[in-house]
Amino acid sequence: MNNKDNIVRKKNTYQRGEYGMYDVIVIGAGPAGSSAAKQLASNGYKVLLVEKMKMPREKSCSGILIKKSMDLVQHYFGEETPQFVQCTPSDNRGMIFTNDKGKEYRFEQEGLNIWRSSFDHWLATKAEEAGAEVCQATFALSCEEKDDCVVVQLKNDKAYYETAKVVIVCDGAVSALKRKLLGTPKNYITTYQTFCKGAIDLDYHYFYAYLQPQLSEYDAWFNVKDDYLIFGVAVKDPSTIEHYYSEFLSYMSTQHNVRIDKQIKTEQWIMPHIMPGCPIDFGKGRVLFAGETAGFLNPMGEGISSGLESGYAAAQAILQTYNKDLLDEQALLVVYQEHTAALQNYMIRQWRFVSSISSTFVHMK
Ligand SMILES: Cc1cc2nc3c(=O)[nH]c(=O)nc-3n(C[C@H](O)[C@H](O)[C@H](O)COP(=O)(O)OP(=O)(O)OC[C@H]3O[C@@H](n4cnc5c(N)ncnc54)[C@H](O)[C@@H]3O)c2cc1C
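What counts and how
Throughout this description, residue numbers start from 1 for each chain and increase along the sequence as written. Thresholds applied to this predicted model are a pLDDT of at least 70 for local features of residues and 80 or more for the giving and counting of side-chain atom pairs; totals over whole chains, interfaces and linings are not thresholded and use all residues. The basis for every side-chain value is the complete set of non-hydrogen atoms in the structure, without hydrogens or water. Note on terminology: a nonpolar core comprises buried Ala, Val, Leu, Ile, Met, Phe, Trp, Tyr and Cys residues joined through side-chain atoms within 4.5 Å. Only protein chains enter the accessibility calculation, which uses a 1.4 Å probe; a residue whose area is less than 20% of its type maximum is buried, one above 50% is exposed, and one in between is partly exposed. The helix count covers DSSP runs of H or I at least four residues long, the strand count covers runs of E at least two residues long, and both are numbered beginning at the N terminus. Boundaries of every domain are those given by an automatic assignment or by a domain database. The contact rule is simple, with two residues in contact once any of their heavy atoms fall within 4.5 Å. Note on aromatic contacts: the rings of Phe and Tyr and the six-membered ring of Trp form a pair at centre separations within 6.5 Å, being stacked when their planes are under 30 degrees apart, edge-to-face when over 60 apart, and tilted otherwise. Any residue with a heavy atom lying within 4 Å of a molecule or strand is counted as near it. Under the rule applied, a polar contact is a pair of N or O atoms within 3.5 Å (in protein, one hydrogen donor and one hydrogen acceptor; residues adjacent in sequence only if both atoms are side-chain atoms). Note on areas: these come from Shrake-Rupley sampling with a 1.4 Å probe, and a residue is covered only by the protein chains present in the view. The residue classification treats Ala, Val, Leu, Ile, Met, Phe, Trp, Tyr, Cys and Pro as nonpolar and Asp, Glu, Lys and Arg as charged. All others, Gly included, are polar. UniProt positions are given in the numbering used here, feature names are shortened, and annotations may be inferred rather than shown by experiment. For this analysis, a salt bridge means a side-chain nitrogen from Lys or Arg found within 4 Å of a carboxyl oxygen belonging to Asp or Glu.

### A closer look at the nonpolar core
Counting 80 residues, the largest nonpolar core has Val167, Ile168 and Ile318 as its most contacted members. Of all the elements, helix 8 (residues 329-357) adds the most residues to this core, at ten residues. For this core, the two domains that each supply at least three residues are domain 1 (3-93 + 112-186 + 275-362) and domain 2 (188-272). Dropping the residues within four chain positions of it, isoleucine 318 is found in contact with Val24, Leu40, Tyr45, Val166, Ile168, Leu288 and Leu332. In this structure, Tyr192, Phe231, Val233 and Val235 belong to the second largest nonpolar core, which totals 24 residues.

This is the structure in structure tokens:
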């Protein structure tokens, strides 16, 4: 399908099963998946977006949309991030890093404070409005190339198959699907954060990251969402969470006079462990990876912008290489790689920066 054909091809004309084959199945309705699905459906492609959870679903996140994410949302979804997905204080004014020598680096920048459950739900709704079929509470178990298509095994209250010319896997950091396809080893950072009621002598409009090795094995952070003070630590070995979390709280108490009245909830999650050089897995054959599945995550843990951008880039690669029934499989991965080269370079530059200010990152293996 070329761009001229896109204009002629009608949206929303296919009923499930009628056409027999999707152009593209996108797995995972996070920022990467919804961005890919929206772009393809807007161009008249028959798209299935599969999400294992019922939306809105929880996703552990600090929920800071940096300026770049705000601009990408506007560009890819045609609207500004709506107010109903935002929390207070809704404007984030930047990030303040403290390095291992206790020196502060301030990055003042316009940003937004959002809840991921409602933000991601809104993005998926926009993909649906553009013509993507959204299948929630449906688990993708496997995807396998067969002749000139990919067979995706799905499970909700029943187990069934769907087929597509191309699949984009955006199932996040754990990506069981990628590991099945590539046999890649698990390499994660575990994040742990608590939502507390209380007070602290810091400006609630900023996101604070602490790179001292005695506070975490990656970084520790503090931010505010609605009435919650959120304290987090990232570790390589989950058995060390309790130790680092308590070190971090004592540090915050000494340095910033934290007073906790009540701990309301805790969250434990996974992030890809981004290594120096920021290697990316782009996919295999007709299966592309985007977002954290591919390894797109800025080294300070900001991944909404790279999720949105890599999902869009995967969609662009398909638009350029899939013409009616004909897919230039060789070109697909190359074009995708070209579209994401700047993104990967940005990650590498950010890695160089954090390793220049903190020894935690210099020695990371
Ligand atoms: C504690 C923490 C704080 C963070 N804070 C920020 C922040 O403030 N700002 C920022 O920009 N980034 C932040 N990030 C990073 C950001 O959350 C991720 O980089 C981003 O969500 C990646 O988007 P994604 O679309 O690749 O994956 P996800 O957002 O993880 O989406 C993957 C989706 O796939 C679904 N899925 C998984 N497996 C299957 C399956 N088999 N079948 C169907 N569906 C499946 C999941 O349910 C999920 O909806 C943070 C991460 C953590 C852990």
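### So, the packing of aromatic side chains
Scanning all chains against the criterion turns up 16 aromatic pairs. Between the aromatic rings of tyrosine 210 and tyrosine 251, the centroid separation amounts to 5.6 Å while the plane-to-plane angle is 70 degrees, which identifies the pairing as edge-to-face. Here the residue tyrosine 210 occupies a position in strand 11 (residues 206-210), and tyrosine 251 occupies one in helix 6 (residues 241-256), the gap between them amounting to 41 residues. For the pair tyrosine 210 and tyrosine 251, one class covers both residues: buried. By the ring-pair criterion, three or more aromatic residues cluster together here, those being Tyr208, Tyr210, Phe222, Phe231, Phe248 and Tyr251.

### A few points about the site of the ligand
Around the ligand, the surrounding shell holds 35 residues, and the nearest of these are Glu51, Arg57, Arg116, Glu292 and Ile304. A distance of 2.7 Å separates an oxygen atom of the ligand from a polar atom in the side chain of arginine 57. A total of 1,000 Å² of accessible area belongs to the ligand in isolation, and the protein chains cover 94% of it. Taken together, the elements giving at least two residues each to the shell around the ligand come down to helix 2 (31-42), strand 7 (139-146) and strand 14 (259-272). Here the residues of the shell around the ligand are counted per class, giving 16 nonpolar, eleven polar and eight charged.

### What about the UniProt feature "domain: FAD-binding" (unreviewed entry) in the protein chain?
The positions UniProt marks with the feature "domain: FAD-binding" (unreviewed entry) are residues 22-180. The distance from the first to the last C-alpha atom of residues 22-180 is 22 Å, and the span holds 26% helix and 42% strand.

### A few points about the pattern of salt bridges
Taken as a whole, this structure holds 17 salt bridges when the rule is applied. Here aspartate 120 and arginine 116 are joined by a salt bridge, their closest N and O atoms 2.9 Å apart. Of this pair, aspartate 120 and arginine 116 both sit in helix 4 (residues 116-129), four residues apart, which is roughly one turn of the helix. Given a relative accessible area of 8%, arginine 116 falls into the buried group. The salt bridge partner of lysine 126 is glutamate 129, with a shortest N-O separation of 2.9 Å. Placement of the pair is lysine 126 and glutamate 129 together in helix 4, with a separation of three residues, close to one helical turn. On the basis of relative accessibility, which here comes to 13%, the residue lysine 126 falls in the buried class. One salt-bridge network, held together by shared partners, links Arg57, Arg116 and Asp120.

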